[in-house]
Amino acid sequence: MKFIFITLFPELVEQACGHSILKRAADAGLLSVTCINPRDFTTDKHRTVDDTPCGGGVGMVLKPEPFSAAIAEAKKISPQGILIAFTPAGRTLCQSAVEKLAAKEQDIIFLCGHYEGFDERILAQADLKISIGDYVLTGGELPALVIMDAVSRFIPGVLGKAESAEDESFTASLLEYPQYTRPIDFSGAKVPDVLLSGNHAHIKRWRRKEAIRATYCLRPDLLAKADLLEGDGTLFLEILEELKGNEHE
Ligand code: 4G4
């Protein structure tokens, strides 16, 4: 998969992709990262990419010409790539949207804005407008990197077998169960006995129950969407009894 970033700060993007799993995936040819800098498409002496807003007001607006030229350059590299713009006014990203992008798209072109944002005529060229959450950032690079990271996990070969989707589909839409490693006793805080029992059926049941407990306690909104299995009802009743018991302590 090709990821093309239209960005005024290519060093930021290149730095962020140069580590760990994403770097390994790029080195293996499973994905590529290309940056296109709209500043390289300016024609004036000062290489101007922004201007004051028409109608007045504070701040600056990104000029359409350099961004339009950068988009054209990106489409030369990937004619079929989907053009995604990041703006706080976009649709909020979720895991199912990430999975859809990974399954459907060949390449992704990210349009990263700054200052007070894009000229509306550039925004109109985007196939998708996405927000990564209800907060304002100084630029679209971090949201673009968030999507690239989330999508890359679904490219075959990027994650090792051990890390990959199998266990995750089992716990779809539930939070993760707690994990432990050695030492068994860490300053008095012990690993739960069941994980040391060697009884795989018990361990599997405990993990499922703790995933349901974490979701119920921390993100009850996710439970409505969760793929619940036969036996989960019993686990859930046990959790409710235990939580009731704790109330009296
Ligand atoms: C476009 C328009 C995305 C891009 C305005 C981008 C938050 C998100 C930007 C701006 C962003 C998000 C400068 C406000 C860049 N901030 N929630 N900033 N601003 O996904």
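Shown above is the structure to which this text applies.
Everything quoted here is computed from the prediction, not taken from an experiment.

Colleague: Can you walk me through the overall build of the protein chain in this structure?
Modeller: Each helix and strand in the protein chain was counted, giving ten helices and nine strands. In terms of overall size, the protein chain is more extended than a compact globule, its C-alpha atoms giving a radius of gyration of 23 Å where 249 residues would be expected to give roughly 18 Å. With respect to the three principal axes, the spread of C-alpha positions in the protein chain is 70 × 45 × 40 Å. Counting all 249 residues of the protein chain, 37% fall into the buried class. A separation of at least 24 residues holds for 77% of the contacts in the protein chain among residues at least 6 apart in sequence.

Colleague: Help me out: how do you make sense of the nonpolar core in this one?
Modeller: Within soluble globular proteins, side chains that are nonpolar tend to cluster in buried spots. Among the nonpolar cores identified, the biggest contains 26 residues, and Phe 3, Phe 5 and Phe 110 are the most heavily contacted of them. Mapped onto this core, the elements with two or more residues apiece are β1 (2–6), α1 (10–17), α2 (20–27), β5 (82–92), α4 (95–104), β6 (107–111) and α6 (141–152). Ranked by the residues each element gives to this core, the list is headed by α6, at six residues. Look past the residues within four positions of Phe 5 in its chain and what remains in contact with it is Val 13, Val 33, Thr 34, Cys 35, Ile 36, Phe 110, Cys 112, Ala 144, Leu 145 and Met 148. Counting residues in hydrophobic clusters, the runner-up holds 18 residues, among them Ile 4, Ile 36, Ile 109 and Leu 123.

Colleague: It is not clear to me how the sheet that holds strand β7 (residues 128–131) should be interpreted in this structure. Could you clarify?
Modeller: Within a sheet, neighbouring strands are paired by backbone hydrogen bonds and run either parallel or antiparallel to one another. Within the open sheet, the five strands sit side by side as β2-β1-β6-β5-β7. Their pairing is parallel. In this open sheet, the two strands that pair with only one neighbour each are β2 (32–36) and β7. Each strand axis lies, on average, 30° off the axis of its neighbour in the sheet, ignoring direction. Taken together, the five bridges between β1 and β2 define a ladder with parallel strand orientation. In the strand pairing of β2, Phe 3 is matched with Val 33. Here α1 sits on the sheet in contact with β1 and β2, set at roughly 170° to β2. Packing against the sheet, helix α3 (residues 64–77) makes contact with β1, β2, β5 and β6, and its axis sits at approximately 170° to β1.

Colleague: So what exactly am I meant to see when it comes to the site of the ligand here?
Modeller: Near the ligand you find 15 residues, and of these Tyr 115, Ile 132, Gly 133, Tyr 135 and Leu 137 are the closest. Between the ligand and Ile 132, the relevant distance is 2.7 Å, taken from an oxygen atom to a main-chain nitrogen or oxygen of the residue. One of the backbone nitrogen or oxygen atoms of Gly 133 is found 2.8 Å away from a nitrogen atom of the ligand. In isolation the ligand offers 450 Å² of accessible surface; the protein chains occlude 90% of this area. Judged by the fraction of its atoms near the pocket grid, the ligand is located in the second largest pocket. Counting residues per element, the shell around the ligand draws most heavily on β5, at three residues. Partitioning the shell around the ligand into residue classes produces eight nonpolar, seven polar and no charged.

Colleague: For this particular structure, what's the right way to read the side chain of Ser 78?
Modeller: You can see Ser 78 is positioned in the loop between α3 and β5. There is a polar contact of 3.1 Å between the side chain of Ser 78 and the backbone nitrogen of Gly 81. Once residues lying within four places of it in the same chain are set aside, the contact partners of Ser 78 are Ile 4, Asp 107 and Ile 109.

Colleague: What am I meant to see in the packing of α4 against α6 here?
Modeller: Any two packed helices are characterised by the angle at which their axes cross and by the distance between the axes. Viewed as axis vectors pointing N to C, α4 and α6 meet at an angle of 70°, and their least axial separation amounts to 9 Å. Relative to α6, the element α4 is oriented roughly perpendicular. For the element pair α4 and α6, the recorded crossing hand is right-handed. Between α4, through Val 98, Leu 101 and Ala 102, and α6, the contact on the second element is made entirely by Ile 147, Ala 150 and Val 151. Tallied by class, the residues present in the contact of α4 with α6 amount to six nonpolar, no polar and no charged.

Colleague: Looking at this structure, I do not really get the packing of aromatic side chains. What am I missing?
Modeller: Both the distance between ring centres and the angle between the ring planes are used here to describe each pair of aromatic rings. Scanning all chains against the criterion turns up five aromatic pairs. Consider the rings of Phe 3 and Phe 110, whose centres lie 6.1 Å apart with planes at 5°: the pair is stacked. Of this pair, Phe 3 sits in strand β1 while Phe 110 sits in strand β6, and the two are 107 residues apart along the sequence. This pair shows no difference in class: Phe 3 is buried, exactly as Phe 110 is. Their ring planes at 80° and their centres at 5.7 Å tell us that Phe 67 and Phe 118 sit as a pair that is edge-to-face. Of the two residues, Phe 67 is situated in helix α3 and Phe 118 in the loop between β6 and α5 (120–123); the sequence distance between them amounts to 51 residues.

Parameters and conventions
- Residues numbered from 1 in each chain as written.
- Predicted model: local features only at pLDDT ≥ 70, side-chain atom pairs only at ≥ 80, totals over all residues.
- Heavy atoms only, no water.
- Helix = DSSP H or I, 4+ residues; strand = E, 2+ residues; numbered from the N terminus.
- Rg over C-alpha atoms; globule rule 2.2 N^0.38 Å.
- Buried < 20%, exposed > 50% of the residue type's maximum accessible area, 1.4 Å probe, protein only.
- Contact = heavy atoms within 4.5 Å.
- Core = buried A, V, L, I, M, F, W, Y, C linked by side-chain atoms within 4.5 Å.
- Pairing = 2+ DSSP bridges.
- Axes fitted to C-alpha atoms, helices over the stretch in contact; angles between N-to-C directions.
- Near = heavy atom within 4 Å.
- Polar contact = N/O pair within 3.5 Å; in protein donor to acceptor, adjacent residues only side chain to side chain.
- Areas by Shrake-Rupley, 256 points an atom, 1.4 Å probe, with all protein chains shown as cover.
- 1 Å grid on protein atoms, 1.4 Å probe; cavity = no way out; pocket = protein on both sides within 12 Å on 5 of 7 lines; lining within 4 Å.
- Sits in = over half its atoms within 2 Å of the grid points.
- Nonpolar A, V, L, I, M, F, W, Y, C, P; charged D, E, K, R; others polar.
- Parallel < 35°, antiparallel > 145°, perpendicular 65-115°, else oblique.
- Left-handed = near helix turned anticlockwise from the far one by under 90°.
- Phe/Tyr/Trp six-rings, centres within 6.5 Å; stacked < 30°, edge-to-face > 60°.

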